Amino acid sequence: TQGLAWHEGQLYESTGLEGQSTIRRVNLADGRVLQKADVPAEHFGEGMTLIGDEIFSLTWKSQLGFVWDRKTFKKKREFRYAGEGWGLTYNGEHLVMSDGTAQLRFLDPATMKEVRRVSVSALGRPLDQLNELEWVDGQVWANVWQQDVIARIDPATGQVRGWIDLRGLLPQAQARQADVLNGIAYDAAAKRLFVTGKLWPQLFEIRLVPRA
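Just so it is clear, the structure is predicted and the values come from calculations on it, not from any experiment.

Calculation rules
Residues numbered from 1 in each chain as written. Predicted model: local features only at pLDDT ≥ 70, side-chain atom pairs only at ≥ 80, totals over all residues. Heavy atoms only, no water. Helix = DSSP H or I, 4+ residues; strand = E, 2+ residues; numbered from the N terminus. Rg over C-alpha atoms; globule rule 2.2 N^0.38 Å. Contact = heavy atoms within 4.5 Å. Areas by Shrake-Rupley, 256 points an atom, 1.4 Å probe, with all protein chains shown as cover. Lys, Arg positive; Asp, Glu negative; His and termini not counted. Charge placed at Lys NZ, Arg CZ, Asp CG, Glu CD. Pairing = 2+ DSSP bridges. Axes fitted to C-alpha atoms, helices over the stretch in contact; angles between N-to-C directions. Polar contact = N/O pair within 3.5 Å; in protein donor to acceptor, adjacent residues only side chain to side chain. Salt bridge = Lys/Arg side-chain N within 4 Å of Asp/Glu carboxyl O. Buried < 20%, exposed > 50% of the residue type's maximum accessible area, 1.4 Å probe, protein only.

Peer 1: Would you mind going over the overall build of the chain with me for this structure?
Peer 2: Helix and strand counts for the chain stand at 1 helix and 21 strands. Here the chain has a C-alpha radius of gyration of 16 Å; the compact-globule value for 212 residues is 17 Å, and the two agree. When its C-alpha atoms are laid out on the principal axes, the chain stretches across 50 × 40 × 35 Å. The long-range share in the chain, meaning contacts at least 24 apart out of those at least 6 apart in sequence, stands at 41%. As displayed, the chain offers around 10500 Å² of accessible surface, 47% of which is attributable to carbon and sulfur atoms. Each charge class in the chain can be summarised by its mean position, and for the 26 positive and 26 negative side chains these summaries are 1 Å apart.

So this is what it looks like as structure tokens:
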């Protein structure tokens, strides 16, 4: 899993492996793939998000993104960006993109031009390795690569306002066969939060509780 999103009652996922990257619509109940498009084999697929009837997806090192038709899963057009592509989400106005650094880029979805960017920091120190993103109640939530936490980021200042600790979520026996935490999807209408990871055998719906 490279990207995860909930949109109009459906779960969407992007996957990334050399020559095997895909865009998918997935059945929430059993993980069955309902619809799929293959990313061109020369590209390593990364994060994705949806706006209306379009799916926007990134590639890792190709500096190339794709826009797919949500209903047919046909590729509609391509767009370019500098640097690497990691995570992608939509805040209702702009696409928000991570590139593995401590920077978040805000893009105009009509032109894919960068509107602004913000530097993310926690306790005064830059927080890099920002990966899969989700827009949740006015904040950017970000997986941090190789850490079992999600950072809750103020999009105006880039400051981390809180952490979600997901250590131990995946049972240890399964964790040995899996990779890092990566994947956040939020059902805003029902206030449901879903998380998963790279090569994780399960998707979790979680409820957040304050740390004592």
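Structure's up, so let's keep going.
Peer 1: Which parts of the structure should I look at to understand the sheet that holds strand β15 (residues 130–136)?
Peer 2: Within a sheet, each strand pairs with its neighbour through backbone hydrogen bonds, oriented either parallel or antiparallel. Taken together, the 4 strands give an open sheet; going across it, the order is β15-β16-β17-β18, and neighbouring strands pair in antiparallel fashion. Either end of the sheet is taken by a strand with one partner, and the two such strands are β15 and β18 (160–165). Going from strand to strand, the sheet's axes swing by 25 degrees on average, the running direction of each strand aside. Across 4 bridges, strand β16 (residues 139–144) lies against strand β17 (residues 149–153) in antiparallel orientation. Bridging across to β17, Asn143 finds its partner in Ile150.

Peer 1: Honestly, the sheet that holds strand β2 (residues 10–15) in this entry has me stumped. Any pointers?
Peer 2: If you walk across this open sheet you meet the 4 strands as β1-β2-β3-β4, and the pairing is antiparallel. The strands lining the two open edges of the sheet, one partner per strand, are β1 (3–7) and β4 (33–38). Strand-to-strand twist in this sheet, taken as the mean axis angle between neighbours without regard to direction, amounts to 20 degrees. Bridge count between β1 and β2: 5 bridges; the pairing is antiparallel. Of the residues in β2, the one forming a bridge with Leu4 is Glu13.

Peer 1: What am I meant to see in the side chain of Arg105 here?
Peer 2: Assignment of secondary structure puts Arg105 in strand β11 (residues 103–107). A distance of 2.9 Å separates polar atoms of two side chains, one belonging to Arg105 and the other to Asp99.

Peer 1: In this structure, what is going on with the pattern of salt bridges? I would like to understand it.
Peer 2: Per the stated rule, a full pass over the model turns up 15 salt bridges. As a salt-bridge pair, Lys71 and Asp53 come within 3.9 Å of each other at their nearest N and O atoms. Remark: Asp53 occurs in the loop between β5 (45–51) and β6 (54–59) and Lys71 occurs in the loop between β7 (64–69) and β8 (75–80); sequence separation between them is 18 residues. A relative accessible area of 56% means that Lys71 is categorised as exposed. Judged by relative accessible area, which is 34%, Asp53 ranks as partly exposed. Taking the shortest distance from any N to any O, the salt bridge between Lys75 and Glu78 comes out at 3.2 Å. Residue Lys75 is classed as partly exposed on the basis of its relative accessible area of 39%. Assessed through its relative accessible area of 44%, Glu78 is described here as partly exposed. Look at the salt bridges and you will find they share partners, linking Glu8, Asp53, Arg70 and Lys71 into a network.

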